[in-house]
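As a plain string of letters, each chain reads:
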Amino acid sequence: MSDRTTPVPRIHFDERIAERYDATSADMFDPAVIDPAVSFLADLARGGAALELGIGTGRIALPLSRRGVRVHGIDLSAAMVARLRAKRGAEHIGVTIGDFATTRVDGTFRLAYLVYNTIMNLTTQDEQVECFRNVAAHLEVGGCFVIEVGVPGLQRLPPGETVRAFTVSPTRLGFDEYDIARQILVSHHYRVVDGQLDVFSAPFRYVWPSELDLMARLAGMTLRERWNDWNRGPFTSDSTTHISVWEKGRVAST
């Protein structure tokens, strides 16, 4: 299937990041991580088509397609999509290059999904609201929108401090730098690759579950379920991530 291109803003996941993305995210490609997510999404698709926002190198799209779900993706990075295109089975997946907050594709979908904190790549509230509206425009009535995202970790940030380590090892360091007034964090990654220090930083907008629920309501969707993980563990006050599902309702007649 051919890729279509629309105007796009700044790209953080460029060729340098794309060429090593799968290797540096190897733990996220473990079947123990992927299989529950794919089963969860396939159940919601119910044989219909799925739209992945931020399809990347196809970590979820390819196994979901192998389950018989027709998948179309939107992604900002042509370099990431090129890695997807080189993989077996990619010929069955359509991709549109563009900003998933506003880019439209043909057809309607029974399922749309954003995984692995990708909603936070939209760094303003307006962009996140537009993303929900864009999804609603693509969904069938009764269709579902799924987001996997972390719960903001401000409880773990000592008063007066703005930086929290999330990874510390002999070959990798990771720190989140918080701007609480703007609800922004900059994620800093330092890795040793072939004996050289590789540095990558990118901004994200963290978002609360209740805020996402309001965005969904503004787009004509309501919360259907929320879980701690893809295995449907209960979401609690101690949860550090959540899987949320919103359903598109009918437009009320006037």
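Criteria and thresholds
- Residues numbered from 1 in each chain as written.
- Predicted model: local features only at pLDDT ≥ 70, side-chain atom pairs only at ≥ 80, totals over all residues.
- Heavy atoms only, no water.
- Helix = DSSP H or I, 4+ residues; strand = E, 2+ residues; numbered from the N terminus.
- Contact = heavy atoms within 4.5 Å.
- Buried < 20%, exposed > 50% of the residue type's maximum accessible area, 1.4 Å probe, protein only.
- Pairing = 2+ DSSP bridges.
- Axes fitted to C-alpha atoms, helices over the stretch in contact; angles between N-to-C directions.
- Phe/Tyr/Trp six-rings, centres within 6.5 Å; stacked < 30°, edge-to-face > 60°.
- pLDDT = per-residue confidence, 0-100.

Asker: Before we move on, could you go through the environment of Val 151 and cite the residues and values that matter?
Answerer: Within the element layout of this structure, Val 151 appears in the loop between β6 (139–150) and β7 (163–168). Sequence separation of Val 151 and Leu 41 is 110 residues, and the distance between their C-alpha atoms is 21 Å. Look past the residues within four positions of Val 151 in its chain and what remains in contact with it is Phe 235, Ser 239, Thr 240, Thr 241 and His 242.

Asker: Hey, could you go over helix α7 (residues 209–218) for me, with residue numbers and the actual values?
Answerer: Restricting attention to buried positions, one finds in α7 the residues Pro 209, Glu 211, Leu 212, Asp 213, Met 215 and Ala 216. Against the buried residues of α7 lie α6 (125–138), β6, β10 (196–205), β11 (221–227) and β12 (241–248).

Asker: Could you give an account of the sheet that holds β10, naming the residues involved and the relevant values?
Answerer: With antiparallel pairing, four strands are arranged side by side in an open sheet as β7-β8-β9-β10. Of all strands in the sheet, those with a lone pairing partner are β7 and β10, marking the two edges. Along the sheet, successive strands turn relative to each other by an average axial angle of 15°, direction set aside. Pairing of strand β8 (residues 172–179) with strand β9 (residues 184–193) involves eight bridges; the strand directions are antiparallel.

Asker: Requested: an account of the packing of aromatic side chains, with residues and values cited.
Answerer: If you walk through the whole model with that rule in mind, you get seven aromatic pairs. Between Phe 132 and Phe 145, the ring centres sit 5.1 Å apart and the planes meet at 75°, which makes this aromatic pair edge-to-face. In this pair, Phe 132 sits in helix α6 while Phe 145 sits in strand β6, placing the two residues 13 residues apart along the sequence. Considered together, Phe 132 and Phe 145 belong to a single accessibility category, that of buried residues. Plain terms: the ring middles of Phe 132 and Trp 246 are 5.3 Å apart, the flat faces sit at 75° to each other, and that makes the pair edge-to-face. Residue Phe 132 is found in helix α6, and its partner Trp 246 is found in strand β12; the two are separated by 114 residues along the sequence. One aromatic cluster is present, formed by Phe 132, Phe 145 and Trp 246 through successive ring pairs.

Asker: Report on the confidence of the model for the protein chain, specifying residues and quantitative values.
Answerer: A low pLDDT score tells you not to read the predicted coordinates there in detail. Averaged over every residue, the pLDDT of the protein chain is 91; the share at 70 or more is 93%. A low-confidence stretch, residues 4–8 (pLDDT under 50), is modelled with 14 contacts involving residues beyond four sequence positions or located in other chains.

Asker: Lay out unusual backbone geometry with the relevant residues and their values.
Answerer: One non-glycine residue, Arg 46, lies in the positive phi region at around 50°. Assignment of secondary structure puts Arg 46 in the loop between α3 (31–45) and β2 (50–53). Of note, Gln 183 is a non-glycine position whose phi angle comes to about 60°, a positive value. Along the chain, the position of Gln 183 falls in the loop between β8 and β9.

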